[in-house]
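An overview of the molecular structure
Each chain is listed here by its residues.
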There are 2 protein chains.
Amino acid sequence: MSKLKRTCTCGQLRLKEVDSTVVLMGWVDSVRDHGGVIFIDLRDREGITQVVFNPDTANKSCELAHQLRSEYVIAIKGKVAARPAGTVNPDLATGEIEVLADELEIFNKSETPPFEIIDNSNVSLELRLKYRYLDLRRSEMQTHLIFRHKVCQTIREYFNTRGFIDIETPVLTKSTPEGARDYLVPSRVNHGKVYALPQSPQLFKQVLMVSGFDRYFQIVRCFRDEDLRAQRQPEFTQIDMEMSFVDEEDIIQVIEGLIAAIFEKVVGKPVNLPFPRLLYQESMASYGCDAPDLRFGMRIQDVSHIVKESNFKVFLETINSGGQVRAINAAGCGHYSRKDIDELTEFVSQFGARGLAWFKVEETGLVSSITKFFPPEILQKIQQHMNAKAGDLLLFVADKEKVVSQSLAHLRTHLGHKNNLINAEEFNFVWIVDFPLFEYNEDAKRYVALHHPFTSPRSEDIPFLEEKPLEVRARAYDLVLNGVELGGGSIRIHSPEIQKRVFRLLGINDNDAYQKFGFLLDALKFGAPPHGGIALGIDRMIALLLHLDDIREVIAFPKTQKATCPMTEAPSEADPQQLKELGISLA
Amino acid sequence: MSKLKRTCTCGQLRLKEVDSTVVLMGWVDSVRDHGGVIFIDLRDREGITQVVFNPDTANKSCELAHQLRSEYVIAIKGKVAARPAGTVNPDLATGEIEVLADELEIFNKSETPPFEIIDNSNVSLELRLKYRYLDLRRSEMQTHLIFRHKVCQTIREYFNTRGFIDIETPVLTKSTPEGARDYLVPSRVNHGKVYALPQSPQLFKQVLMVSGFDRYFQIVRCFRDEDLRAQRQPEFTQIDMEMSFVDEEDIIQVIEGLIAAIFEKVVGKPVNLPFPRLLYQESMASYGCDAPDLRFGMRIQDVSHIVKESNFKVFLETINSGGQVRAINAAGCGHYSRKDIDELTEFVSQFGARGLAWFKVEETGLVSSITKFFPPEILQKIQQHMNAKAGDLLLFVADKEKVVSQSLAHLRTHLGHKNNLINAEEFNFVWIVDFPLFEYNEDAKRYVALHHPFTSPRSEDIPFLEEKPLEVRARAYDLVLNGVELGGGSIRIHSPEIQKRVFRLLGINDNDAYQKFGFLLDALKFGAPPHGGIALGIDRMIALLLHLDDIREVIAFPKTQKATCPMTEAPSEADPQQLKELGISLA
């Protein structure tokens, strides 16, 4: 190691340190030779300091300094000096000083990097991931990861000071059938047997409540064997918490307080509490989805009851076969060309819509190629109902509820972005509440849990659990930020009888239930308290707080489909010898 | 949920709260009926409060209270009252008060638990793990886990306030050949390919240093596919840190400060800094191992140079064939019977020792069945060298160095416990330093890294790296507490050339090195700073701080060989359907 001992960072020196002797260590950000005097910008995590090697005062070091190239790692010792008049750099925190070096030590050289270590570069994600160690050197990425660190720190401080206990749950867990997206882990020591990686610590945290821990939290890694997307990694981290003797309000309050703390301490702006709440049914009706972006309006309106009085066959047939006709008002888009509208039709076709009916709103009323099928009073009713004025464009989808919702939900977001209706600086939080407990899966021909099978029904709905399962409301809540679901939670079932009734409705008989969730069912028999909790995806939230679309911008070593980050590439070929030892063969 | 709203915990109420109305929620710890008045001890995480149901003042609740049994979960509302004279319980923090209940709500009933929820119970570990949710309800286990929580909190606060950044490293990593104890994780999405679970984030944290993060820490899960033991879980958690521009002293100081913080804030007693340091060679010589328990003496002495003047064939032959004779003085054990000594001989035979020679020290000198082979002046020299006095017992092992060291190291610890030489309350920390960089593996017929291949040799030893590899010292350090290695670390190699030279000495040619560690080798080419770090096993440390031998006492959901904790049992049979989807078949 060096004889030199680092005295400060490259972000630290100011005018008041002038004349003191310092040792800095870091990377050469740039080198300039002005008539034999070498100027380097020296960089570390904390900033950049200008270092000067003058042949008149430090000949030997200056000679060595001629070797310096970008990304060399060095130590310098020197005296802090005020920069000469006219050379102060107001963009740099250390811009009023420079260090006149008289010692230089080169720790390591660097080959020419494949891309410059600067922000806002145009380098492809693939190249950035291939050289992640260089990409992470960019101050942008350092800022992201330090921001993430501070968010985690704030989360932990928040829970620590409120009586929550941080308890680690296992990563190698018992595999259960039905874990369709579980990663399985064969064991060498126990040949022929496997562990499973958890999709969430749900059962563990419920057991901790049965154990009387009262308030649990964890920032925890979870796993899901699914295709990669920009917003999804096969391993992801969630803020996980659970509380005993609480109801929905308690959980919501704790989480709102947490978000407020993150805004105050890390984001540096306030957030308005409480967050608004939106009923699930209302969200589906007005936004076509359960994670609406409320930074802009353009609500979806049901016009089925109006257009059924028209003569437009497409609408009538849809309504008569149990479908619906809903519409959005693209305000101010009345000037859209036929081509524009064709593009929108193409866009909604991705979501199953077979067409996109439209009316332009003119001073005289609604105009379209299909106007002739609509009596004037119906056109008027539509215009009124859609709150449309001249210059607007009304867009209709007629289909089964699911297709209409999905098509219009995406169309709404698409138009919101296209027409700059969204304030990118706004953070819009909303709780979605009163979810149904079950939905009916047409493919499987059975009820499935909208959240998970441990979610408690509302007590007033328990009497008709078996008779009208689709009307039973769950004690569940999702938190949505800017149209992205951060996560959700619920009050859990703490009665073993109700848990069994819910399992039966889900087509899981008592035997199967015991096979799969016996540990929990047993635990519920021995005095389970009322309890509930929530899990929030931390990287999604952090990406949104930093106004980033891709969570790989906030993860040090993410996975990519293209297998370019060599340390974490999408799974690689296994060594045959290792497979043999594990007793596995791969198809 | 209840109409009642919890106002305080069961550990909170004191005389000053008398007459206030409170709502408590928790578990029925015990029920007593005194002539129709029902007394219950109500328990939650924070403590126990006595609750009284009196038929004269709260008839309805009292009637319901007759149903209460141990571990029922309830809410009560009532008024705090001072306990009548003579009924104060000084053992209970709330022992001066009781709550006169007038409302009772039963949240959940409980079957009779398979064991009582009390501390110091005799229940087998198997039963405790089977009903872990009940076992964790015991205040002992809650104390352990809350202690662990506080240690983690202290660790994070310590690093947070010292400029360390908490960065998450992947759990699903690239598999590399030679990861003999790696768990492999086949991917469903990428058929035929696998991830590996990391044995440590070593490469990732080094890359983070290359990226300029300067100071990194993480409390991180690691994985090793090995047999279970009381001290070892297949997944374990370590305190992991790495710093740039530092030497050994910097790392050691940071860790000593961390331990001091844990003692001050969690253990509640001071610890003496700095910890002593022991050279590896000295530790091996005096204690036969590199993780010595220094809470007692009984150092091992080499007597080869003395006994080679004797006529005792066993010793002479051993020395002549390159072996050694070393001994310990079991002070005060001169009274040991033949049977006692036979037991010790049996004990050391586990470690390969073919015998255990001995001398009893009497006023007249050394006495043994083998005395006749030793001239009096040799006996005297032995006694002097061993610092032996009348009443002591000298025990000798003659064999190859490895057998002698292991036998005497274990014998020393065995006698330390047997003779109560160890103060169980003492926390004895020591750094072991100056490890060799390599050792020669007789089986593999090659050099292997004593720590790992990224450990830096001392700069003064680099010139003879290839000529005398076994004499090269590593810049490595281990931290040992009470004879248990908590972990270790090193200054790493930051020069790509030296890294390649070390790989070559380890029998890894440049191609193989690139195959296995290409990402690191590439990273080193682009300006790696000098850096080093350490990793410490957190559960081992916490178990020791709590004076526990079994780390399963400080882990909520541990693994056991006997597969009894149903949520974490040693890996279980896989579902054939899942295996099929994964494209795996198991031998």
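Residues numbered from 1 in each chain as written. Chains lettered and ligands numbered in written order. Predicted model: local features only at pLDDT ≥ 70, side-chain atom pairs only at ≥ 80, totals over all residues. Heavy atoms only, no water.

**What about the interface of chain B and chain A?**
- Listed per partner, the contact involves 130 residues of chain B and 129 residues of chain A.
- Between chain B and chain A, roughly 11,300 Å² of surface is buried when both sides are summed, and carbon and sulfur atoms account for 58% of that area.
- At the junction of chain B and chain A, the tally comes to 11 salt bridges.
- Measuring nitrogen to oxygen at the nearest pair gives 3.0 Å for the salt bridge that ties A:Lys5 to B:Asp250.
- At the boundary of chain B and chain A, one finds 50 residue pairs in polar contact (both at pLDDT 80 or more).
- By residue class, the composition of the side of chain B that touches chain A is 63 nonpolar, 31 polar and 36 charged. (Contact = heavy atoms within 4.5 Å. Buried area = accessible area lost by both parts, 1.4 Å probe. Salt bridge = Lys/Arg side-chain N within 4 Å of Asp/Glu carboxyl O. Polar contact = N/O pair within 3.5 Å; in protein donor to acceptor, adjacent residues only side chain to side chain. Nonpolar A, V, L, I, M, F, W, Y, C, P; charged D, E, K, R; others polar.)

**Considerations on the state of the cysteines**
Residue and element names in this part refer to chain B.
- Per the stated rule, a full pass over the model turns up 0 disulfides over all chains.
- Of all cysteine sulfurs, the one in Cys152 lies closest to Cys222, which takes part in no disulfide; the gap is 13 Å.
- Of the residues examined, Cys222 reaches a relative accessible area of 1% and is grouped as buried. (Disulfide = S-S within 2.5 Å. Buried < 20%, exposed > 50% of the residue type's maximum accessible area, 1.4 Å probe, protein only.)

**What to know about the sheet that holds strand β11 (residues 235-244) of chain A**
All names here are of chain A.
- In space, the 8 strands of this open sheet follow the order β6-β10-β11-β23-β22-β21-β18-β12, with mixed pairing throughout. Both edges of this open sheet fall to β6 (165-166) and β12 (277-279), since each of them pairs with a single strand only.
- As judged from the 5 bridges shared by strand β22 (residues 484-491) and strand β23 (residues 531-537), these two strands associate in the antiparallel manner. If you follow Ile491 over to β23, its bridge partner there is Gly532.
- Contacts from helix α15 (residues 538-545) reach β10 (215-223), β11, β21 (476-481), β22 and β23, with the element oriented near 140° to β22. (Pairing = 2+ DSSP bridges. Helix = DSSP H or I, 4+ residues; strand = E, 2+ residues; numbered from the N terminus. Axes fitted to C-alpha atoms, helices over the stretch in contact; angles between N-to-C directions.)

**Some words on the relation of the copies chain B and chain A**
- With an RMSD of 0.0 Å, the fit of chain B onto chain A corresponds to turning through 180° and sliding 0.0 Å along the axis. Taken together, the turn and the small shift mark the pair as related by a two-fold rotation axis.
- In this assembly the copies share their binding face: 99% of the residues contributing to the interface of chain B also contribute to that of chain A. (Least-squares fit on C-alpha atoms with pLDDT ≥ 70 in both.)

**Some remarks on the packing of helix α5 (residues 202-210) of chain B against helix α14 (residues 510-525) of chain B**
All names here are of chain B.
- Where α5 meets α14, the axes come as close as 10 Å, and the angle between the chain directions of the two elements is 15°. Judged by the angle between their axes, α5 and α14 are roughly parallel. Note on packing geometry: the crossing formed by α5 with α14 is left-handed. In this structure, α5 contributes Leu203, Gln206, Val207 and Val210 to the contact, and α14 contributes Phe517, Phe519, Leu520 and Ala523.
- Of the residues assigned to the contact of α5 with α14, the class counts are 7 nonpolar, 1 polar and no charged. (Parallel < 35°, antiparallel > 145°, perpendicular 65-115°, else oblique. Left-handed = near helix turned anticlockwise from the far one by under 90°.)

**With respect to the nonpolar core**
- By size, the foremost hydrophobic cluster in this structure holds 54 residues, and its most contacted members are A:Tyr133, A:Leu136, B:Leu208 and B:Val502.
- Taken together, the elements giving at least two residues each to this core come down to α3 (132-135) and α4 (139-160) of chain A together with α5, α7 (280-287), β18 (429-433), β21 (476-481), α13 (496-505) and α14 of chain B.
- At 7 residues, the largest contribution of residues to this core is made by α14(B).
- If you look at the next biggest cluster of nonpolar residues, it comprises 53 residues, including A:Leu437, A:Ile498, B:Ile146 and B:Ala556. (Core = buried A, V, L, I, M, F, W, Y, C linked by side-chain atoms within 4.5 Å.)

**What to know about the pattern of salt bridges**
Residues and elements named next belong to chain A.
- Counted according to the given criterion, the structure contains 75 salt bridges over all chains.
- When the shortest N-O distance is used, the salt bridge between Arg552 and Asp550 registers 2.9 Å.
- What emerges from the salt-bridge pattern is a single network uniting Arg128, Arg132, Asp135, Arg138, Glu140 and Glu553.

**A look at the UniProt feature "binding site: L-aspartate" (unreviewed entry) in chain A**
Residues and elements named next belong to chain A.
- In the UniProt entry, the feature "binding site: L-aspartate" (unreviewed entry) is given for Glu178, Arg224, His451 and Arg492.
- Relative to the helices and strands, Arg224 resides in the loop between β10 and β11.
- Once residues lying within four places of it in the same chain are set aside, the contact partners of Arg224 are Arg181, Tyr183, Gln199, Pro234 and Phe236. (UniProt positions renumbered as here; feature names shortened; annotations may be inferred.)

**Focus on the environment of A:Thr169**
- With respect to the helices and strands, the residue A:Thr169 is situated in the loop between β6 and β7 (173-174).
- According to the relative accessible area criterion, A:Thr169 is buried, its value standing at 3%.
- Separated by 34 residues in sequence, A:Thr169 and A:Leu203 place their C-alpha atoms 9.8 Å apart.
- Setting aside chain neighbours within four positions, we find A:Thr169 in contact with A:Pro201, A:Phe204, A:Tyr216, A:Gln218, A:Val220, B:Arg221 and B:Phe557.
- At a separation of 3.0 Å, a polar atom in the side chain of A:Thr169 contacts the side chain of A:Gln218.

**Structural notes on the sheet that holds strand β16 (residues 365-367) of chain B**
Residue and element names in this part refer to chain B.
- Pairing is antiparallel in the open sheet, where 5 strands are placed in the order β13-β14-β17-β15-β16. The open sheet has two edge strands, β13 (301-302) and β16, and neither has a second partner.
- Relative to strand β17 (residues 393-399), strand β14 (residues 324-330) runs antiparallel, the two being bridged by 7 bridges. From the neighbouring strand, Gln324 faces β17, where its bridge partner is Asp399.
- Where helix α11 (residues 376-385) meets the sheet, it contacts β13, β15 (357-362), β16 and β17, and its direction lies at approximately 105° from that of β16.

**A short note on the packing of aromatic side chains**
All names here are of chain A.
- Applying the stated criterion to the full structure yields 60 aromatic pairs over all chains.
- Plain terms: the ring middles of Phe263 and Phe427 are 5.2 Å apart, the flat faces sit at 80° to each other, and that makes the pair edge-to-face. Remark: Phe427 occurs in the loop between α12 (401-418) and β18 (429-433) and Phe263 occurs in helix α6 (residues 248-267); sequence separation between them is 164 residues. Residue Phe263 shares its accessibility class with Phe427, and that shared class is buried.
- Taken together, a centroid distance of 6.1 Å and an interplanar angle of 50° make the contact between Phe438 and Tyr447 tilted.
- Exposure remark for Phe438: the relative accessible area of 2% places this residue in the buried category.
- Through pairs of rings, three or more aromatic residues link up here, namely Phe312, Phe315, Phe359, Phe373, Phe374 and Phe396.
- Directly above the ring of Phe296 sits Arg412, whose terminal nitrogen or CZ lies 4.0 Å from the centroid. (Phe/Tyr/Trp six-rings, centres within 6.5 Å; stacked < 30°, edge-to-face > 60°. Lys NZ or Arg CZ within 6 Å of the ring centre and 35° of its normal.)

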